[in-house]
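Each chain is listed here by its residues.
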Amino acid sequence: MEFLWNLDFINAQGLLSGCTKEFNAGNILDKTFREIWETTPLFSNIRSGIKNVAGRCQYCIKNHYCGGCRAIMWHTTQNLWAEDVACPQNHN
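These figures come from a predicted structure and were not determined experimentally.

**Student:** Teacher, can you tell me more about unusual backbone geometry here?
**Tutor:** With the exception of glycine, most residues fall at negative phi, and the peptide bonds are largely trans. With phi around 60 degrees, glutamine 78 is a residue other than glycine that occupies positive phi space. One can find glutamine 78 in the segment after helix H4 (70-77).

Encoded structure:
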């Protein structure tokens, strides 16, 4: 299992979210974590979309495991694949 982002939010009802609560991926009371990670459209899109990140994130040497904070980009630009302007790697 390859982790591109921290998947650290499971609420009391079992809902699993990515790096932000708004990205609901599934419920661990209904499916295993592995099933959610491998079959949920949200995580599938994030895994395949890493190639679509824009700007400096696209060329960053850490892109294969980081990809920038997609939640920050969604909240600030409404574009899941925008460059992560808050990343310290992006500042020369």
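**Student:** When you look at the environment of valine 53 in this model, what are you seeing that I'm missing?
**Tutor:** Looking at where valine 53 falls in the secondary structure, it is placed in the loop between helix H2 (41-49) and helix H3 (55-59). Separated by 17 residues in the primary sequence, valine 53 and arginine 70 have C-alpha atoms spaced 9.3 Å apart.

**Student:** Any chance you could explain the pattern of salt bridges here in plain terms?
**Tutor:** Side chains that differ in charge, positive against negative, can pair when their charged atoms come close. With the rule as written, the count across this model stands at two salt bridges. The shortest N-O distance in the salt bridge between arginine 34 and glutamate 38 comes to 3.1 Å. Residue arginine 34 and its partner glutamate 38 are both found in helix H1 (residues 33-39); the two are separated by four residues, about one turn of the helix. Note that arginine 56 is salt-bridged to glutamate 83, the shortest N-O span being 3.0 Å. Separated by 27 residues along the polypeptide, arginine 56 in helix H3 and glutamate 83 in the segment after H4 bring together distant segments of the chain. The class for glutamate 83 is buried, based on a relative accessible area of 19%.

**Student:** What exactly am I supposed to notice about the sheet that holds strand E2 (residues 15-17) here?
**Tutor:** In any sheet, the strands associate via hydrogen bonds between backbone groups, in a parallel or an antiparallel arrangement. Read from one edge of the open sheet, three strands run E1-E2-E3, paired in antiparallel fashion. Lying at the two open borders of the sheet, with one neighbouring strand each, are strand E1 (9-10) and strand E3 (24-27). For E1 and E2, the ladder comprises two bridges, and the chain directions are antiparallel. Note on E2: the bridge partner recorded for isoleucine 10 is leucine 16.

**Student:** Explain H4 here, please?
**Tutor:** Since one α-helical turn is 3.6 residues long, residues separated by three or four positions face the same way. Along H4, the positions that sit buried rather than exposed are Arg70, Ala71 and Met73. Viewed end-on, H4 has its buried residues packed into an arc of 165 degrees, placing them on one side of the element. Buried positions along H4 lie against H3. Where H4 ends, the next residue or the one after it, glutamine 78, has phi of about 60 degrees, a positive value.

The rules behind each value
Residues numbered from 1 in each chain as written. Predicted model: local features only at pLDDT ≥ 70, side-chain atom pairs only at ≥ 80, totals over all residues. Heavy atoms only, no water. Helix = DSSP H or I, 4+ residues; strand = E, 2+ residues; numbered from the N terminus. Salt bridge = Lys/Arg side-chain N within 4 Å of Asp/Glu carboxyl O. Buried < 20%, exposed > 50% of the residue type's maximum accessible area, 1.4 Å probe, protein only. Pairing = 2+ DSSP bridges. Arc of directions from axis to C-beta. Contact = heavy atoms within 4.5 Å.

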